[in-house]
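Coordinate inspection notes
Chain by chain, the residues:
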Amino acid sequence: MKKIIKNGTIVTAADTYKADILVEDGKIALIGQDLSDSAAEVVDAQGHYVFPGAIDPHTHLEMPFGGTVSKDDFETGTIAAAHGGTTTVIDFCLTDKGKPLQNSIDQWHAKSHDKSVIDYSFHLMIGEINEDVLEQLPSVIEDEGITSFKVFMAYKNVFQADDGTLFRTLEEAKKLGALVMVHAENGDVIDHLVTKALEAGQTDPIYHALTRPPEVEGEATNRAAELTGLADSQLYVVHVTCEEAVTAIANARKKGYKVIGETCPQYLVLDQSYLEKPNFEGAKYVWSPPLREKHHQEVLWNALKTGDLQTLGSDQCSFDFKGQKDLGKGDFTKIPNGGPIIEDRVSILFSEGVKKGRLSLNEFVNITSTKIAKTFGLFPQKGTISVGADADIVIFDPNVERTISVETSHMAADYNPFEGMKVTGQPVSVLSRGDYVIKDKEFVGKIGSGQYLKRSRFGELTTSQEELYQK
Ligand code: URP
Ligand code: ZN
Ligand code: ZN
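Read on for a plain summary of the structure. Predicted model, so just to flag it, every value in this text is computed and none were measured.

Time to look at the overall build of the protein chain. In terms of regular secondary structure, the protein chain is built from 13 helices and 21 strands. Relative to the 2.2 N^0.38 estimate, which gives 23 Å for 471 residues, the radius of gyration of the protein chain is 21 Å and therefore close to what a compact globule would have. By its C-alpha atoms, the protein chain is 70 × 50 × 40 Å across when sized along the principal axes. Taken across its 471 residues, the protein chain has 63% of its residues classed as buried. Taking contacts inside the protein chain between residues at least 6 apart in sequence as the whole, the part at least 24 apart equals 77%. Carbon and sulfur atoms make up 47% of the accessible area of the protein chain, which amounts to about 16,900 Å² in all. For the protein chain, the centre of its 48 positive side-chain charges and the centre of its 69 negative side-chain charges are spaced 2 Å apart.

Following this line, the structure appears as structure tokens:
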């Protein structure tokens with residue numbers, strides 16, 4: 001059915017203006033003043049902002065990790081995402097060394113296609129490079145539309161790849177038109193620091209942070225950036241947490257290297273002291289890289305403003321406190337890494353960023369939606385409000401005040417790391433391809449209605465994509 005969204009203030013990465021939007025056949029058909037159509041349902045957005053649906057470029061839904069599986073799957077995770085104003089997720093498809101890449105991709109399709117309530121796509125993990133893998137990559141791009149490859153520089157003996165693999169992935173990505181993503185921490189050094197900590201009886205959650213200091217993130221980020229420059233390729237650094245890594249990215253960008261950085265809400269508002277909470281509650285705050293000392297937060301905010309960091313991901317990878325996080329009692333290395341963030345990512349950036357004067361409204365939309373669509377080959381189908389784009393639209397109340405809590409959260413985990421945090425602003429209704437997923441704060445979507453998105457190659461989007469890499 002057609003819809004006309006009336007009386008709202010449209011916000012894109014470039015403009016803020018009052019206009020109506022006609023939605024037809026899942027697309028934005030017209031934007032203008034005083035639109036009318038007797039066949040259309042009128043959606044009143046008076047007093048609200050009308051944003052393009054946010055895109056989460058970094059999720060781990062139903063992902064095996066540390067002997068357990070992340071709690072939110074493509075059903076609960078995408079319902080929670082939609083409540084938070086996110087209408088597209090890009091999830092990380094893990095691969096197994098020596099096995100066909102297509103097996104892993106098929107597994108990821110199997111766990112998402114009849115569950116996701118919003119559109120979704122995949123990144124593909126590269127754990128090794130050999131002739132066999134090289135032969136498979138063109139079809140990953142052509143047939144699956146997967147145009148981003150993820151290399152882990154940490155998690156030794158689990159996901160970690162060596163520098164040769166990273167460099168050859170960068171070379172191949174350059175040839176094929178793909179973007180390489182890195183988890184940038186020096187896994188070998190961390191492994192050594194962890195061994196020493198355990199030998200000294202240091203087993204509490206705080207030692208997770210102390211054995212992965214900012215230097216190991218800064219060093220790995222710098223290494224990945226230099227290898228990108230050498231290969232004349234393109235790089236996206238996920239979950240940047242600290243000044244050392246921001247500096248490495250900023251320096252690389254100054255040299256003209258094509259490097260983009262992402263941070264996550266947890267690093268903007270939580271800090272290392274949370275890992276010291278009593279009764280093992282510190283385990284709720286175990287991420288890799290870890291939460292940092294507070295002074296890093298302003299560096300991250302500033303980098304989002306200046307463009308040294310470009311995007312915000314959730315790194316959604318939720319685990320229950322009871323039965324999952326507590327696997328690490330007595331040994332912090334056994335705490336599954338990650339947390340439930342997907343629902344609160346957008347609201348936290350709006351409240352802490354826009355409402356507190358750190359970011360403009362347009363920068364907020366750019367960081368949560370537009371630059372992500374451009375980076376990952378989805379623009380302008382996604383990431384903006386323009387004629388012809390998918391009608392992925394968020395009607396957002398900028399003034400409602402609320403307190404984040406597990407009690408009201410739609411994520412599956414048994415705690416919320418932002419428990420008790422007061423935020424201003426919340427999505428009221430959310431459309432995915434013109435259909436309500438959230439209406440008046442209630443889920444009204446259809447399980448399995450989300451569509452798999454094949455994405456453009458790096459460079460195919462021409463100037464809109466190139467400008468992200470310009471300093
Ligand atoms: O702690 C984290 N970040 N968990 C998810 C896996 C990853 O490294 O992104
Ligand atoms: Zn990671
Ligand atoms: Zn992650």
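That covers the picture; the talk isn't over yet.
Protein coordination at the zinc ion (ligand 2): the donors are His-183 (ND1) and His-239 (NE2), at 2.1 Å from the metal. Coordination at the zinc ion (ligand 2) is irregular, judged from the four donor atoms that bind it and the angles of 57 to 153 degrees they form at the metal. Between the zinc ion (ligand 2) and the zinc ion (ligand 3), the interatomic distance is 3.8 Å. Placement of the pair is His-183 in strand E14 (residues 179-183) and His-239 in the loop between strand E15 (234-237) and helix H8 (243-254), with a sequence separation of 56 residues.

In this section: the environment of Lys-258. With respect to the helices and strands, the residue Lys-258 is situated in strand E16 (residues 258-263). When the C-alpha positions of Lys-258 and Thr-228 are compared, they lie 7.5 Å apart, and in sequence the two are 30 residues distant. Leave out the neighbours within four places in its chain, and Lys-258 touches Thr-228, Asp-232, Ser-233, Gln-234, Leu-235, Phe-458, Glu-466 and Tyr-469.

Enumeration according to the criterion identifies 33 salt bridges in this entry. In this structure, Lys-156 and Asp-188 form a salt bridge, with 3.1 Å as the shortest nitrogen-oxygen distance. Of this pair, Lys-156 sits in the loop between strand E13 (148-152) and helix H4 (163-176) while Asp-188 is found in helix H5 (residues 187-199), placing the two residues 32 residues apart along the sequence. The exposure class assigned to Lys-156 is partly exposed, which follows from its relative accessible area of 34%.

Most of strand E12 (residues 119-125) is tucked away: seven of the seven residues are buried. Covered by surrounding structure in E12 are Asp-119, Ser-121, His-123 and Met-125 together with Tyr-120, Phe-122 and Leu-124, the residues of both alternating faces. In the sheet, strand E11 (residues 86-93) pairs with E12 via six bridges, with the strands oriented parallel. Looking across to E12, one finds that Phe-92 is bridged to His-123. In this region the chain leaves E11, passes through helix H2 (residues 101-112) and returns to the parallel neighbour E12; the handedness of that crossover is right-handed. With two bridges connecting them, E12 and E13 associate as parallel partners. Bridging across to E13, Met-125 finds its partner in Lys-150. The β-α-β motif built from E12, the intervening helix H3 (residues 131-142) and the parallel element E13 has right-handed crossover chirality.

Moving on: the state of the cysteines. Tallied over the entire structure, the rule returns zero disulfides. Looking at Cys-93, it has no disulfide partner, and the nearest cysteine sulfur is the one in Cys-317, 14 Å off. Given the relative accessible area of 1%, Cys-93 is considered buried. Left without a disulfide partner, Cys-242 is nearest to the cysteine sulfur of Cys-264, which lies 12 Å away.

Under perfect tetrahedral coordination by four donors, a metal shows angles of 109.5 degrees; under perfect octahedral coordination by six donors, it shows angles of 90 or 180 degrees. At this site the zinc ion (ligand 3) is bound by His-58 (NE2), His-60 (NE2) and Asp-315 (OD), with donor distances of 1.9 to 2.1 Å. Coordination geometry of the zinc ion (ligand 3): the four donor atoms subtend angles of 86 to 139 degrees at the metal centre, consistent with an arrangement described as irregular. When the donors of the zinc ion (ligand 3) are listed by position in the chain, the intervening gaps give H-x1-H-x254-D. Under the relative-accessibility criterion, Asp-315 is labelled buried at 6%.

Attention now moves to the site of ligand 1. The environment of ligand 1 is formed by His-58, His-60, Tyr-155, His-183, His-239, Trp-287, Ser-288, Asp-315, Cys-317, Asn-337 and Gly-338. At a separation of 2.6 Å, a nitrogen atom of ligand 1 approaches a polar side-chain atom of Asp-315. Here a nitrogen atom of ligand 1 and a backbone polar atom of Asn-337 are 3.1 Å apart. For ligand 1, the protein covers 100% of the area, taking 260 Å² as the surface of the free molecule.

So, on to H2. Its 12 residues place the ends of H2 17 Å apart at the C-alpha level, agreeing with the 16 Å of an ideal helix rising 1.5 Å per residue. For H2, the set of buried residues is Leu-101, Ser-104, Ile-105, Trp-108, His-109, Lys-111 and Ser-112. In the core, the buried residues of H2 are packed alongside strand E9 (64-65), helix H1 (74-83), E11, E12 and H3.

With that out of the way, let us pick up the pairing of strand E18 (residues 393-403). When strand E7 (residues 49-52) meets E18, the two strands line up antiparallel, connected through four bridges. The partner of Phe-51 across the bridge, within E18, is Val-394. With eight bridges joining them, E18 and strand E19 (residues 422-432) adopt antiparallel strand pairing. If you follow Glu-401 over to E19, its bridge partner there is Thr-424.

Let us look at the sheet that holds strand E4 (residues 20-24). Across the sheet, four strands lie side by side as E5-E4-E1-E6; this open sheet has mixed pairing. With one partner strand each, in any of the chains shown, strand E5 (27-32) and strand E6 (41-44) form the two edges of the open sheet. If you compare each strand with its neighbour and ignore which way they point, the axes differ by 20 degrees on average.

Criteria and cut-off values
Residues numbered from 1 in each chain as written. Chains lettered and ligands numbered in written order. Predicted model: local features only at pLDDT ≥ 70, side-chain atom pairs only at ≥ 80, totals over all residues. Heavy atoms only, no water. Helix = DSSP H or I, 4+ residues; strand = E, 2+ residues; numbered from the N terminus. Rg over C-alpha atoms; globule rule 2.2 N^0.38 Å. Buried < 20%, exposed > 50% of the residue type's maximum accessible area, 1.4 Å probe, protein only. Contact = heavy atoms within 4.5 Å. Areas by Shrake-Rupley, 256 points an atom, 1.4 Å probe, with all protein chains shown as cover. Lys, Arg positive; Asp, Glu negative; His and termini not counted. Charge placed at Lys NZ, Arg CZ, Asp CG, Glu CD. Donors = N, O, S within 2.8 Å, 3.2 Å for Na, K, Ca; no water. Tetrahedral: all angles 85-135°; square planar, octahedral: opposite > 155°, others 65-115°. Salt bridge = Lys/Arg side-chain N within 4 Å of Asp/Glu carboxyl O. Pairing = 2+ DSSP bridges. Right-handed = clockwise from strand over helix to strand, strands pointing away. Disulfide = S-S within 2.5 Å. Near = heavy atom within 4 Å. Polar contact = N/O pair within 3.5 Å; in protein donor to acceptor, adjacent residues only side chain to side chain. Expected span 1.5 Å × (residues − 1). Axes fitted to C-alpha atoms, helices over the stretch in contact; angles between N-to-C directions.

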